[in-house]
Amino acid sequence: MADASPHSLASSIYCHAWNGNMSMVAVSPRTSELWIFKANIADDEKQWEKLHTLSKHEDLISGVDWGAKKNRIVTCSHDRNAYVWNWVEEEWRAALVILRLNRAALCVAWSPQENKFAVGSGSKTVSVCYYDDENSWWVSKVIRKKHASSVTSVAWHPNNLLLATTCTDNKCRIFSATIKGVDPKSSESSSSGGFSGKFGEQLLQLDLAFGWTFGAKWSPSGANLAFVGHDSTIHFINDVGPSLTLHSISLRYLPLRDVLFLSDRLLVAAGFDYNPILFSADANGTWTFVRVLDDAEEPSSTATGTALSAKDPFGRSMERGNSLRSSLTDAAPNAPSNPDSELSKGPSTVHQDCITCIRPLGSADDSIIQQFSTSGLDGKVVVWDVSGLHLARYTSRPGH
């Protein structure tokens, strides 16, 4: 089992983000406020202290990202607005972003260079925002008429030019997000993986899932892309470009919500089973299930019956439900409640509800990220340390 350090910060958390040196974390407690805590990752016993409450939005904050290079926070909300927060004279000051939305803003992410950010929305659009020096405000260029439904996640390629999105129309897409006057001319004229195009041009559409898609993320090198489907699937795109390869895995677990590359050949994902799952790629780029991380025993194999089953994606939840149903049937109608019963104990995992967000605790320059954090609807931020699992052994497997 990976080392896990849980921290209960709210009754429920929708998303979270860390500052550059991992000393502070911003969380959305599923309200219109953003809470900033002073974190102490090195000391598990020390309680995290709330430092700031940012109150500007009028509805639930659905996305937050903290730029490590320029120490700026961006938030978006169901109130259809986004704000960029700057630390000025010992306080956080908000600058309104012109999004031009008629539906809720759902997700947000800074670009790697932090000179622009993307906001996905229920308006079936993506707003790519940048600072207009002439007018001293944040403006946006909008990618329209490409998505058939709400945009659930946005992910920047490391080159700062390409943008991946997931959507409730069951698709994942890649767009050119180059903005003239914002991106250097040398970057504007370059391509990545054989891709190039003007702003808003759709470069690739992936029809791999049979349910809503979430959690698009690029690998550190930008060569690979991953996302999840609400049909309990996870999809890997290797060598993104004209000669890409696709690999999909159907899980017997409940659907996933977010993913994170620990390296180009290691990935962790989590969602409605409250338990992070580790995947790895062999020398041929074939991705496989490795293990769940919130488990005292490592599975002896990754055979279909143990970890993967395309025909029974909800098997685990049905087993849990059948067990609880038997307990209720056998109990007397008027019997007093038993605090030691299966119903009272709840899940045995560290998280007690859906994991909605995964963040790295390390640099993209690290060969393998050894620490990451998760947040969930149970109000916890959990810091995971996987250094004891010797992850490098999973990437040294020969190809099949």
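Everything discussed here concerns the structure shown above.
Residues numbered from 1 in each chain as written. Predicted model: local features only at pLDDT ≥ 70, side-chain atom pairs only at ≥ 80, totals over all residues. Heavy atoms only, no water.

1. Topic: the overall build of the chain
Assigned secondary structure in the chain consists of four helices and 28 strands. When the accessible surface of the chain is summed, it comes to about 17900 Å², and 47% of that surface belongs to carbon and sulfur atoms. (Helix = DSSP H or I, 4+ residues; strand = E, 2+ residues; numbered from the N terminus. Areas by Shrake-Rupley, 256 points an atom, 1.4 Å probe, with all protein chains shown as cover.)

2. Structural notes on the environment of L278
One can find L278 in strand β24 (residues 277-281). Looking at L278, the relative accessible area reads 1%, which means it is buried. When the C-alpha atoms of L278 and L266 are compared, they prove to be 7.3 Å apart, with 12 residues separating the residues in sequence. The residues touching L278, leaving out its near neighbours within four places in the chain, are L262, L266, L267, T288, F289, V290, R291, L293, L391 and Y394. (Buried < 20%, exposed > 50% of the residue type's maximum accessible area, 1.4 Å probe, protein only. Contact = heavy atoms within 4.5 Å.)

3. Some points on the sheet that holds strand β17 (residues 202-206)
One open sheet accounts for four strands, arranged β14-β15-β16-β17; its pairing is antiparallel. The open sheet has two edge strands with one neighbour each: β14 (151-156) and β17. Taking the axes of each pair of neighbouring strands and ignoring which way they run, one obtains an average angle of 20° across the sheet. Judged from the four bridges that link them, strand β16 (residues 172-176) and β17 form a sheet pairing that is antiparallel. The residue bridging F175 from the neighbouring strand is Q202, located in β17. (Pairing = 2+ DSSP bridges. Axes fitted to C-alpha atoms, helices over the stretch in contact; angles between N-to-C directions.)

4. Looking at the pairing of strand β20 (residues 233-238)
In terms of residue burial, β20 counts as a mostly covered element, since six of its six residues are buried. Residues of β20 alternate between two faces, with T233, H235 and I237 on one and I234, F236 and N238 on the opposite face, all of them buried. For strand β19 (residues 225-229) and β20, the ladder comprises five bridges, and the chain directions are antiparallel. Bridged to G229 within β20 is T233.

5. Brief notes about the pattern of salt bridges
This structure, assessed with the given rule, holds seven salt bridges. A salt bridge links D183 to K116, with the shortest nitrogen-to-oxygen separation between them at 2.6 Å. Highlighted residues: D183 in the loop between β16 and α1 (185-188) and K116 in strand β11 (residues 116-121), separated in sequence by 67 residues. A single burial state applies to D183 and to K116, both of which are buried. Residues joined by salt bridges that share partners form a network here, namely E89, E91 and R93. (Salt bridge = Lys/Arg side-chain N within 4 Å of Asp/Glu carboxyl O.)

6. Remarks on the nonpolar core
Membership of the largest hydrophobic core comes to 21 residues, with the highest contact counts inside it found for L262, L278, L293, F372 and L391. Every element with two or more residues in this core is listed here: β22 (256-263), β23 (266-271), β26 (355-360) and β28 (380-385). Sequence-distant contacts of L293, that is, excluding residues within four places in its chain, are made with M1, A2, V268, N275, P276, L278, F372, W384, V386 and L389. Residues A226, F236, I277 and F279 belong to the second largest nonpolar core, which totals 19 residues. (Core = buried A, V, L, I, M, F, W, Y, C linked by side-chain atoms within 4.5 Å.)

7. A word on the packing of aromatic side chains
What the rule picks out here adds up to 15 aromatic pairs. Between W18 and W48 the ring centres are 5.8 Å apart and the planes differ by 80°, which places this aromatic pair in the edge-to-face class. In this pair, W18 is assigned in strand β2 (residues 15-18) and W48 in the loop between β4 (33-38) and β5 (49-55), connecting sequence segments 30 residues apart. Residue classification places W48 among the buried residues on the basis of a relative accessible area of 6%. Counting every residue linked through ring pairs, the aromatic cluster contains F236, Y253, F261, F279, W287 and F289. Across from the ring centre of F214, 4.3 Å away, lies the NZ or CZ of R257, which sits over that ring. (Phe/Tyr/Trp six-rings, centres within 6.5 Å; stacked < 30°, edge-to-face > 60°. Lys NZ or Arg CZ within 6 Å of the ring centre and 35° of its normal.)

8. Describing the side chain of D65
Tracing the chain through its elements places D65 in strand β6 (residues 61-67). On the accessibility criterion, D65 (12% relative accessible area) is buried. Polar contacts involving the side chain of D65 include one to the side chain of R359, which spans 3.2 Å. Beyond its immediate stretch of four places on either side in the chain, D65 contacts A17, R72, I73, V74, V108, A109, W110 and R359. (Polar contact = N/O pair within 3.5 Å; in protein donor to acceptor, adjacent residues only side chain to side chain.)

9. Quick look at the side chain of S140
Position of S140 relative to the elements: it lies in strand β13 (residues 137-143). Assessed through its relative accessible area of 9%, S140 is described here as buried. Among the polar contacts listed, one links the side chain of S140 to the backbone oxygen of I98, at a separation of 2.8 Å. Every residue in contact with S140, bar those within four places of it in the chain, is listed here: I98, L99, R100, S127, V128 and C129.

10. Some remarks on the environment of N19
Position of N19 among the secondary structure elements: in the loop between β2 and β3 (24-28). Looking at N19, the relative accessible area reads 6%, which means it is buried. Sequence separation of N19 and K70 is 51 residues, and the distance between their C-alpha atoms is 9.8 Å. With residues up to four places along the chain from it excluded, the contact list for N19 reads M24 and W66. Of note is the side chain of N19, whose polar atom sits 3.0 Å from the side chain of N21. Engagement of the side chain of N19 in a polar contact is seen with the backbone nitrogen of S23, the distance being 2.9 Å.

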